Amino acid sequence: MARRKLIAGNWKMNGDLAALAEIDAIAAAAVANPAVDVGIGVPATLIGPAHARAPRLAIGAEDVHAVDHGAFTGSVSAPMVREAGATFAIIGHSERRAGCGETDADVKAKAEALLRHGLAAILCVGETSDQRNAGNAVAAVTGQVRASMPWGAASGWLSVAYEPIWAIGSGHTPTLEQISAMHGAIRAMLTELLGADAASMRVLYGGSVTAENASELLGAPDVDGALVGGASLTAAKFVPIIKAAAGLA
Ligand code: PGA
């Protein structure tokens, strides 16, 4: 089935109120390219201001706690980011899995929290270079999908982002064959887990997506969009990726 492409930014721990000026042109590009879904994940402090500045642009959190409220110093929850104006959240990013010790079970609980609160999810998976070199990339990634997919995951509310860890921020991308093989394997796993509902679920690619390589990467079979880090920080770099997706829609 035809799936709308989703281009999502991930600002990581970057951006301040002044940087929100970039949102204006990104929001305008989203309106000008209605065949593509566009979103920007921003630091929690910027969700409210970004939403106020661009109320029609999907603003996302970069993480949420699995629990709604309680004694979890420093964390923010799904209802909190929703109240601030977020409509989606990135969960399970490799930087949080590696840096904060998040497990597949944690990611699954976060996905369930998003589902409870009507927020869309971008659930990240990806292999290390060691796993790929050992020939274990597909097993590692499909294992993450199996272990972190929540019950009730259906329809368009959840997207999977395949982000090889070695491709993030490195300027290196997998070959189109490697991407297609992995996206095909993820889709087969989704179908095994969810049956026919998997058909509407998007599988994004992430890792060193730029204006220069976007058309090629987004045109690969089974690639339903992109999760973009560095190149989402400015409209000058991000808007061409939105346009590349629109050109393929
Ligand atoms: P990158 O980051 O586009 O800077 O490689 C992608 C990500 O980590 O989501």
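Residues numbered from 1 in each chain as written. Predicted model: local features only at pLDDT ≥ 70, side-chain atom pairs only at ≥ 80, totals over all residues. Heavy atoms only, no water.

1. Points about the pattern of salt bridges
For the structure shown, the criterion picks out 16 salt bridges. A salt bridge links D37 to R4; its shortest N-O distance comes to 2.6 Å. With D37 in strand β2 (residues 36–41) and R4 in the segment before β1 (5–10), the pair connects residues that are 33 residues apart, well separated along the chain. One salt bridge in this structure joins D63 and K110, with 2.7 Å as the shortest N-O distance. With D63 in the loop between β3 (58–61) and α3 (78–84) and K110 in helix α5 (residues 104–116), this residue pair connects regions lying 47 residues apart in the sequence. Of the two residues, D63 and K110, neither departs from the other in class, the shared state being buried. Beyond isolated ion pairs, a larger network of salt bridges with shared partners links R3, R187, D222 and D224. (Salt bridge = Lys/Arg side-chain N within 4 Å of Asp/Glu carboxyl O. Helix = DSSP H or I, 4+ residues; strand = E, 2+ residues; numbered from the N terminus. Buried < 20%, exposed > 50% of the residue type's maximum accessible area, 1.4 Å probe, protein only.)

2. Focus: helix α10 (residues 235–248)
Under the 1.5 Å per step criterion, the end-to-end length of α10 is 20 Å for 14 residues, consistent within 8% with the ideal 20 Å. All of the buried residues in α10 are A235, F238, V239, I241, I242, A244 and A245. Against β1, α1 (21–32), β2, α9 (214–218) and β8 (225–228) lie the buried residues of α10. (Expected span 1.5 Å × (residues − 1). Contact = heavy atoms within 4.5 Å.)

3. Concerning the layout of surface pockets
Once rolled over the atoms, a probe with the size of a water molecule shows which space is left empty. Taken as a whole, the largest pocket encloses approximately 510 Å³ of empty space. If you go around the largest pocket, you meet 22 residues; those closest to its centre are A44, E62, D63, V64 and R96. At the level of elements, α4 (94–99) and α5 are the ones that each hand at least two residues to the lining of the largest pocket. Grouping the amino acids of the lining of the largest pocket by side-chain chemistry returns 10 nonpolar, five polar and seven charged. Forming the boundary of the second largest pocket are 17 residues, of which G169, G207, S208, G229 and G230 lie nearest the centre. For the lining of the second largest pocket, the per-class residue count stands at five nonpolar, 10 polar and two charged. (1 Å grid on protein atoms, 1.4 Å probe; cavity = no way out; pocket = protein on both sides within 12 Å on 5 of 7 lines; lining within 4 Å. Points joined across faces, edges and corners; volume = space filled by probe spheres on them. Nonpolar A, V, L, I, M, F, W, Y, C, P; charged D, E, K, R; others polar.)

Honestly, it's all geometry; don't read function into it.
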